Structures are given as C-alpha cells and as structure tokens.
Amino acid sequence: MNAGFKSLTWKQTSLVVFSALFFAIAIFIVEIALVGVSARDGLKDSQTELLDSVEQPAANAVWALDDNLAKQTLEGVLKVEHVGSAVIELDDGSLFVSVLSKKSYPNIFEDFSNKLFGDLKEISRSLYRPFYFEGTEKQQLIGTLTVFYDTQGLTDSLFSQLKFSLIATLARALLITLVLSIVFHRFLTKPIAEISEAIDKIDPESPDENLLPMAKSHTDDELGLVTSKFNQILIQFGQTQSKLRKMATRDPLTGLPNRTLLLETIAVTIQRARVHKHQFCMLFIDLDRFKNINDSLGHAIGDQFLARIARVLERVVGDNGTVARLGGDEFVILADEIRSPDQAADFVDKLLLQLNTPMQLNEHTIHPAASVGISIYPDDGMSAEDLIRHADIAMYSAKAAGSNQWAFFKQQMTERAAVRLRTEASLHDALKNGEFVLHYQPKFDIKTGKVVACEALIRWQKDGRLISPMSFIPVAEETGIIIPIGRWVIEEACKTIRKWKKEYNFALPIAVNVASQQFADASLVPDIKQLALRYQISPDLLEIEITETSLMNDIELAISKLQQLKSTGFGIAVDDFGTGYSSLSYLRHLPITTMKIDRCFVTDLPNESAIASTILMLGQQLNLNIVAEGIETREQLDWLNSNNCQIGQGFYFSKPVTQKEFEDSYIKPQTASISHI
C-alpha cells in the first residue's frame, strides 16, 4: 500500500468522535440562544399585553383623580409575573399613585440579567383624557403609567431551566448516535449498496459502459481500491468484447458491416423514419460475371476485386448511407438520405457509372458490372428482413433484363423512373438537335380588341409530334437543364423580335417565362442584356415573366436582379400572382411593370370574383399593367372589361400558334380585332 493510504476503520472512528462533539456543542449553543431569545420575546409580548389591559382603567382613574381606583389598578399589575413596582404620575410630573411588590430575588446573575434584559426593566405609556368626556381638545395628556420589572427573577427562572442541560445532553447523545448511524449508512453502507446495484446492471455485451461508481470520499481507502481494480477489469473485458463484436459484425475481407450489423442499423433507421415520417431506400447489388473472375483469375484476385468494389461503393455512398456485404458478391446499401424513387434512380445511375470504371488488378484489367434491386420504406416493407428480401427480388428482375440494369420492387416505379431518365437524356439531345420550337399566344387590349403583345411558349417537337411542356419542364427543372433551355427561349424570342422588325417593320412585345432555377442563376441578367444587344432589339419589347415563388426564395436578391433589368428597360411581369405565399408588403418594393391574374382565378369568374377584384385594385393602385390569362368564355371577358382589366389572353381569343400562323394572323395584316368574337 502507498503512503497515502488511510484505513477505513480509522476514518470511521474519527468521524464518530468529531461528529458527536460537533453536534453536542452546536445543539447546546443553539439551545441557549433559543431560550434567551424566547424569554425576551415572551417578556416583550407580556409587557405590551399588560399596558394594553390597564391603560384605560388607569386613564379613567387619573381623569377622575380617584386614587383608590388607581391603586387598585396598579395592585392588579403587581400580580403579573416579574412585575416589581408600578407608578402613575400626573401630567405635571407629580406622583399620583405608586405600589411596590414585596417579592425579592438574590442578585446571583445580576450582570447577566442586566445584559440580557436591561432594556426591558422599565416600560411606560402616556395616559390621555378618555374619549367619551366632552371637550374641545383632542388627545389631552393627563399622566404617565410606568411599570418596573424585576428581571432578576426572570433570569433565575431561565437558569433554572438550564439546570436540566445534563438530561438534555444525554438526549442529544442519543440523537447524535442516530444521526451518526445515518451518516455511516450514507458514507459506507450506501456506497457498497450502489456498487452492488451497478454490478447487477453490467451488460456482458458492453461491460465498460457501466463502470462501478467511485465516491470522492473513498478514492484513497479500501473501498476505492476495490472499485478501481474492478473497473480496470471491466474496461479490459469491454475491449475484448469490442474485438469480438467487430469480428461478429464486420466482414473480414472488406471491413464492411455484415448482415448482423446491417439488420441492427436498418432497425434504427426504421424507427427514425417512422418518427419523422419520411422514406428511405434499400439497394441490393449483385456483381455480374463475378464467378468468371474467380474461376479464370483465382480466388486471390477475386478477393482483391471484392475489396476494391467495397471501396468504390463506400466512396459513392459517402455520408448518405451504409454499405454492407452479405456474402459472396452481394452488397447492400442502406440509403437513408434518399427519400424518393426519383432520387433513388439518379443515385443508382451514378453508382453504376462509377462501378463500370475499368479496374486494374495486378496485370489484369477487369470491367465490373452489377445488377441493382431497389426497395423503398415503408411502401415495400415495414421490417429490415422484408426490405432486403424485396430488394433482392427486384435485383433478380433487373438481372433478367441484362447486365448493368436496375429495377424497383414495384414495376410501375421502375417504369416511371426509366421514363424520367430517358426524358432527361432526350432533353440534352433535343437542345443539341434543335427539337424545341416556340409557339406564340397573343395578348389583346380588352377595350379595343387589338393585339398588344404575345407570350412565347416552348414546345418539344419529337418524332413528328409535339410534347406538352407539362411532360418535360418538371424534369428539366429537377435536373437543371432548364437553365440552358430557358436561355434558348430568350434568344429565340430576341431573334423573332428582330425578324418582325426587319421583315414587317412591326414591333410587338414578347413575354418569356423564367423558371425558378433559371432566375436564381447568376448569369441570367448578363445573358438577357447580352442577347438584347446582340440582336439589336429595344429592351421594352422583351418582357420577363417571373413566378411568385421565384421571387420569394430570396426577396432581396430578386429585387436587385429585377431592378437591373427594369433600369435597362426590360418589362417585368409577376406570373401566377396570388397562388403563392408572398407578402403584399414586398409587392410595393418589387420593380415590376405587369401583374398577371392566374387562370385559376379567371376560371371562377364571374361567380367568384373576390380575388380577381383585389388583384385588379392592387395593380391599379401600384400603376401596373394587369393581364388576365386563361380567358375562355364571354362572361369572363365581360366581367374583366367592366372591371377595367387592360389586357387578356386565353383560348377564347386564340390558342398558342406557330410563328408562321401568328405572323399570318396578327402581323401581316398589322391589325387584330376581337369584335367578331
């Protein structure tokens, strides 16, 4: 044992002695203080009560100059304990009546009595004319009542009370013994009991996570020594368990989680997904032609190949999920950050692209390939086993379709994702091959019936048929292809404006739509200015239509961009106004020239007109041009006309038409009228 070691027995003995002495002295001091304070408080209360009781009789006796009544009153005062004498003086200071007690006490503790009760030996109270006698004066002083206390007797009784301190000390000893029993329980018995409870809680799987508690007071005694040694054993045992667990939960070849650890991870992910109500994906990967590699190049090369594949999978997945090896050439990816079939399809495409990279192993070049099955929680299973099994089934479906294929457990998801990916690839080709065309829908002055502008609307001309924007614009927005497509639309609109000016000497503003991603792109404003300059068009002939949602993504940046465009002369229109969540407080700060009433509000006219009326009123107050889109009936047109809407467009006037049809109908005649409609 080291020099700092202290015996637990010695600690106990010292603790008992010092605790008993401390409590005995403390209780004795407290008792003396309490008795003294209590005696003073009791004397004060008694004095106040005495004066209150005799004040009125004494005042009556003095007012009536009845010395007999006064003397009787004072003799009654003498009967009160510890009162030595009492005096009544008249208002001129002369003695009226006095009485003296015949009791006497020995002056044993005179000095102590004076210190403790010296300020309470004498009390007096002024006597005033009784209120029930008539007179003009108020509170007339007629005398003074003074009572003198013999505090020596009170002191004697106080010390008589303290004579029983010996008995009290014995009682205190009993109390101290009880207290020390509790102290020893907390100091020794309780820590041992806590250690016993901690031992019961030790998890054999993770022993080092529940170490025995070590009280600071026992760090240098036998109990602390035992606890410290036992904790060392638990830590060593825990390290051994960790090694065993790693061997049990990790694939020895690749170091990836095996099936056991994967199932645990999936269970935790399912709980988290259930709480947050979101989806996640499971990918089952089987390497194509792996048996050929093993058979032709040997198992050593096969093992190297699997280890390299594991590193590729880990690199691609990163922090977005967990990669595990089930055995052989089968891998599983728990992609808990992928929340939709579309995201899963994108991820698998990127994964296969990385896996297909040729791999050099010794002098051999190997071209990996894989088949991938996808299941989605909770649609394809509520448990880990179900999700893995369904992803495995989907993988066999993909393998049946050929090498390097993937499939969802539900066939319709596979088809939908495949269509989306084909659309994405085709959009790139469409831009290169010039498959996009612009159609134009005229805008009419509702009052005069003349064409005042038009809107350019993109169409996809593929394999001899036109594809609606509703089919490809969402895909273009998700993949970012909308930015180059949007730039193409603006350039085509500029070309058309220049063509009409050059061929027909006719200037007609064209509105082009700008998607949210395109509006957020830093090159938008420079591109628009550059295209207008290249084709030598007047900026007021090009109107940029921005959706309400695009504006609200970053209102300050939106105002800055729109201000740059407006200051150059371009028209700015807010499309679909009223369908988003923008605040009207921002509207007056936006540098816009036109506001469009969305077709969903126009469709309800004239029956439901509250929103359309509000937008019209708001636009008029802000001095904006108002365009109503989606007009299809005469009733809608009449309501808009009667409510001073300036411009309208919709199928009631004309569907979007090709550039040639637009020129033949509205430019070559140079006039347009809706009076015949």
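Residues numbered from 1 in each chain as written. Predicted model: local features only at pLDDT ≥ 70, side-chain atom pairs only at ≥ 80, totals over all residues. Heavy atoms only, no water.

Novice: For this particular structure, what's the right way to read the overall build of the protein?
Specialist: A count of helices and strands for the protein gives 23 helices and 20 strands. Within the protein, the fraction of its 677 residues that count as buried is 43%. Just so you have it, the protein exposes about 36,200 Å², and 55% of that area is on carbon and sulfur atoms. (Helix = DSSP H or I, 4+ residues; strand = E, 2+ residues; numbered from the N terminus. Buried < 20%, exposed > 50% of the residue type's maximum accessible area, 1.4 Å probe, protein only. Areas by Shrake-Rupley, 256 points an atom, 1.4 Å probe, with all protein chains shown as cover.)

Novice: Looking at this structure, I do not really get the sheet that holds strand 11 (residues 406-408). What am I missing?
Specialist: The strands making up a sheet associate through backbone hydrogen bonding, with each pair oriented either parallel or antiparallel. The strand order across the open sheet built from 5 strands is 6-7-5-10-11, with neighbouring strands paired in mixed fashion. Pairing within the sheet leaves two strands with one partner each, and these edge strands are strand 6 (322-327) and strand 11. This sheet shows a mean twist of 20° between the axes of neighbouring strands, independent of strand direction. Here 3 bridges tie strand 10 (residues 370-377) to strand 11, and the two strands are oriented parallel to one another. Along strand 11, the bridge assignment pairs Ile-374 with Phe-408. (Pairing = 2+ DSSP bridges. Axes fitted to C-alpha atoms, helices over the stretch in contact; angles between N-to-C directions.)

Novice: It is not clear to me how the layout of surface pockets should be interpreted in this structure. Could you clarify?
Specialist: Over the atoms a probe the size of a water molecule is rolled, and this reveals where empty space is left. If you add up the space inside the largest pocket, you get close to 1,000 Å³. Forming the walls of the largest pocket are 34 residues, and the residues nearest its centre are Glu-455, Leu-457, Pro-469, Asn-513 and Asp-575. Classifying every residue of the lining of the largest pocket gives 14 nonpolar, 11 polar and 9 charged. The space that makes up the second largest pocket amounts to roughly 230 Å³. Pro-509, Asp-540, Glu-543, Thr-594 and Asn-625 are the residues nearest the centre of the second largest pocket, which is lined by 17 residues in total. Of all the secondary structure elements, the ones that give two or more residues to the lining of the second largest pocket are strand 13 (451-462), strand 15 (510-514) and strand 19 (625-628). The element contributing the most residues to the lining of the second largest pocket is strand 13, with 3 residues. (1 Å grid on protein atoms, 1.4 Å probe; cavity = no way out; pocket = protein on both sides within 12 Å on 5 of 7 lines; lining within 4 Å. Points joined across faces, edges and corners; volume = space filled by probe spheres on them. Nonpolar A, V, L, I, M, F, W, Y, C, P; charged D, E, K, R; others polar.)

Novice: Can you help me understand the packing of helix 7 (residues 259-276) against helix 11 (residues 384-400) in this one?
Specialist: Helix-helix packing: each pair is described by the crossing angle between the helix axes and the interaxial distance. Contact geometry of helix 7 with helix 11 gives a least axis separation of 9 Å together with a crossing angle of 110°. Here helix 7 lies roughly perpendicular to helix 11, going by the angle between them. Contacts between helix 7 and helix 11 pair Arg-259, Leu-262, Leu-263, Ile-266 and Ile-270 from the former with Ala-384, Glu-385, Leu-387 and Ile-388 from the latter. A class-by-class count of the residues in the contact of helix 7 with helix 11 yields 7 nonpolar, no polar and 2 charged. (Parallel < 35°, antiparallel > 145°, perpendicular 65-115°, else oblique. Contact = heavy atoms within 4.5 Å.)

Novice: How should unusual backbone geometry be read in this particular structure?
Specialist: For residues besides glycine, phi is generally negative; the peptide bonds are generally trans as well. In this structure, the amide linkage connecting Tyr-377 to the following residue, Pro-378, adopts the cis form with an omega of 0°. The omega angle of the peptide bond from Leu-605 to Pro-606 is -5°, so this bond is cis rather than trans. Considering the arrangement of structural elements, one finds Pro-606 in the loop between helix 20 (599-603) and helix 21 (610-621). One non-glycine residue, Asp-463, adopts positive backbone phi at about 55°. Tracing the chain through its elements places Asp-463 in the loop between strand 13 and strand 14 (465-467). One non-glycine residue with positive phi stands out, namely Gln-536, at about 55°.

Novice: Just checking my understanding: could you explain the packing of aromatic side chains for this structure?
Specialist: The description of an aromatic ring pair uses the distance of the two centres, along with the angle that the planes make with each other. Inspection of every chain in the model, using the stated rule, returns 14 aromatic pairs. With a centroid separation of 6.0 Å and an interplanar angle of 45°, the aromatic rings of Phe-436 and Trp-460 are classed as tilted. In this pair, Phe-436 is assigned in strand 12 (residues 436-445) and Trp-460 in strand 13, connecting sequence segments 24 residues apart. Here Trp-460 and Phe-472 contribute two aromatic rings whose centre-to-centre distance is 5.5 Å and whose plane-to-plane angle is 80°, an arrangement assigned as edge-to-face. (Phe/Tyr/Trp six-rings, centres within 6.5 Å; stacked < 30°, edge-to-face > 60°.)

Novice: Help me out: how do you make sense of the sheet that holds strand 4 (residues 141-149) in this one?
Specialist: Strand order in this open sheet of 4 strands is 2-1-4-3, and the pairing throughout is antiparallel. Either end of the sheet is taken by a strand with one partner, and the two such strands are strand 2 (95-100) and strand 3 (122-128). Averaged over all adjacent pairs, the angle separating strand axes in this sheet is 15°, with direction ignored. Where strand 1 (residues 83-90) and strand 4 come together, 7 bridges link them in antiparallel fashion. Residue Val-83 lies in a different strand from strand 4, and its bridge partner there is Tyr-149. Of the strands in this sheet, strand 1, strand 2 and strand 4 are in contact with helix 2 (residues 67-78), which crosses strand 2 at around 30°.

Novice: Can you help me understand the packing of helix 14 (residues 482-504) against helix 16 (residues 524-534) in this one?
Specialist: Running from amino to carboxyl end, helix 14 crosses helix 16 at an angle of 25°, the nearest separation of the two axes being 9 Å. With respect to helix 16, the element helix 14 is oriented roughly parallel. Crossing of helix 14 over helix 16 shows right-handed handedness. Residues Arg-487, Ile-490, Glu-491 and Cys-494 of helix 14 pack against Leu-524, Asp-527, Ile-528, Gln-530, Leu-531, Ala-532 and Arg-534 of helix 16. When its residues are assigned to classes, the contact of helix 14 with helix 16 shows 6 nonpolar, 1 polar and 4 charged. (Left-handed = near helix turned anticlockwise from the far one by under 90°.)

Novice: For this particular structure, what's the right way to read the confidence of the model for the protein?
Specialist: Caution is warranted with low-pLDDT regions, since their predicted coordinates should not be read in detail. Considering every residue of the protein, the mean pLDDT works out to 81; 81% of them sit at 70 or more. Every residue in residues 671-677 is under pLDDT 50, and counting partners more than four places away or in other chains gives 15 contacts. (pLDDT = per-residue confidence, 0-100.)

Novice: Help me out: how do you make sense of the pairing of strand 5 (residues 280-287) in this one?
Specialist: Within strand 5, 8 of the 8 residues are buried, which leaves the element mostly enclosed by the surrounding structure. Residues of strand 5 alternate between two faces, with Phe-280, Met-282, Phe-284 and Asp-286 on one and Cys-281, Leu-283, Ile-285 and Leu-287 on the opposite face, all of them buried. Sheet analysis places strand 5 next to strand 10, joined by 8 bridges and oriented antiparallel. Bridge pairing in strand 10 links Met-282 to Ser-375. Pairing of strand 5 with strand 7 (residues 330-335) involves 6 bridges; the strand directions are antiparallel. Each bridged residue has a counterpart across the sheet, and for Leu-283 the counterpart in strand 7 is Ile-333.

Novice: In this structure, what is going on with helix 9 (residues 299-317)? I would like to understand it.
Specialist: Because the α-helix completes a turn every 3.6 residues, residues three or four places apart line up on one side. The end-to-end C-alpha separation of helix 9 is 27 Å, in line with the 27 Å expected for 19 residues at 1.5 Å each. A positive phi of about 60° marks Gly-318, the residue just after helix 9. (Expected span 1.5 Å × (residues − 1).)

Novice: Whenever I open this one, the side chain of Asp-286 confuses me. Can you help?
Specialist: The topology assignment puts Asp-286 in strand 5. In terms of polar contacts, Asp-286 uses its side chain to reach the side chain of Lys-399, at 2.9 Å. Excluding residues within four positions of it along the chain, Asp-286 makes contact with Asp-329, Glu-330, Ala-370, Ser-371, Met-395 and Lys-399. (Polar contact = N/O pair within 3.5 Å; in protein donor to acceptor, adjacent residues only side chain to side chain.)

Novice: I'm lost on the pattern of salt bridges in this one. Help?
Specialist: If charged atoms from side chains of opposite charge come close, those side chains can pair. Considering all chains together, one arrives at 25 salt bridges under this definition. A salt bridge links Glu-492 to Lys-495; the nearest nitrogen and oxygen atoms lie 3.4 Å apart. Taken together, the residues span about one helical turn, with Glu-492 and Lys-495 both in helix 14 at a distance of 3 residues. The partly exposed category is assigned to Glu-492, whose relative accessible area is 21%. Taking relative accessible area as the criterion, Lys-495 reaches 32% and is therefore assigned partly exposed. A salt bridge links Lys-660 to Asp-664, with the nearest nitrogen and oxygen atoms 3.0 Å apart. Here Asp-664 and Lys-660 lie together in helix 23 (residues 659-667), a separation of 4 residues that amounts to about one turn. (Salt bridge = Lys/Arg side-chain N within 4 Å of Asp/Glu carboxyl O.)

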